[in-house]
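# Report on the structure
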Amino acid sequence: MYALSPASAKILIGLWLLAADDKTKQGELPSCKKIIFRLRITEKALLSACSELGHWVVQDDITPSSKLGQVGPSETETETET
């Protein structure tokens, strides 16, 4: 996190707090318009930060044609205590 610019680090913490506020408890973020309003930032600032925060924020809206998109099912924890 220390490699991030100060503005992106601030936005990242704001995004984490917004995800924690998700009523479904799934960690979902609101729409971009709501993020911009809630964090009191510009759209340009959000887009700039998102390009820098790729390793910190999971994007599940990647289209299947994306080279970075996941093709198979998500991993789940299968280890059990014996």
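Preceding this section is the structure that the text describes.
For clarity, every value in this text was computed on a predicted model and none was experimentally measured.

## So, the packing of aromatic side chains
For the coordinates displayed, the defined rule picks out 0 aromatic pairs. One cation-aromatic arrangement involves Arg40 over Phe37; the distance from NZ or CZ to the ring centre is 4.4 Å.

## Notes on the pattern of salt bridges
Counted according to the given criterion, the structure contains 1 salt bridge. The closest approach of N and O atoms between Arg38 and Asp21, which form a salt bridge, is 3.3 Å. Taken as a pair, Arg38 in helix 2 (residues 32–39) and Asp21 in the loop between helix 1 (6–20) and helix 2 lie far apart in primary sequence, 17 residues in all. Using a relative accessible area of 44% as the deciding quantity, one classes Arg38 as partly exposed. For Asp21, a relative accessible area of 42% puts it in the partly exposed group.

Reading guide: rules and limits
- Residues take numbers from 1 onward in each chain, read along the sequence in its written order.
- Per-residue local features of the predicted model are confined to residues with pLDDT of at least 70, and side-chain atom pairs are confined, for both listing and counting, to 80 or more; whole-chain, interface and lining totals are unaffected and use all residues.
- Excluded from the side-chain calculations are hydrogens and water; all other atoms, namely the structure's heavy atoms, are used.
- Stacked, tilted and edge-to-face are the three classes applied to pairs of Phe, Tyr and Trp rings, where Trp contributes its six-membered ring and a pair requires centres within 6.5 Å; stacked means planes under 30 degrees apart, edge-to-face means over 60, and tilted covers the rest.
- In this scheme, Lys NZ or Arg CZ marks a charge over a ring once it lies within 6 Å of the ring centre and within 35 degrees of the ring normal.
- Salt bridges are counted wherever a side-chain nitrogen of Lys or Arg sits within 4 Å of a carboxyl oxygen of Asp or Glu.
- The helix count covers DSSP runs of H or I at least four residues long, the strand count covers runs of E at least two residues long, and both are numbered beginning at the N terminus.
- Any residue under 20% of the maximum accessible area for its type is buried, any over 50% is exposed, and the rest in between are partly exposed; the area is computed with a 1.4 Å probe on protein chains only.

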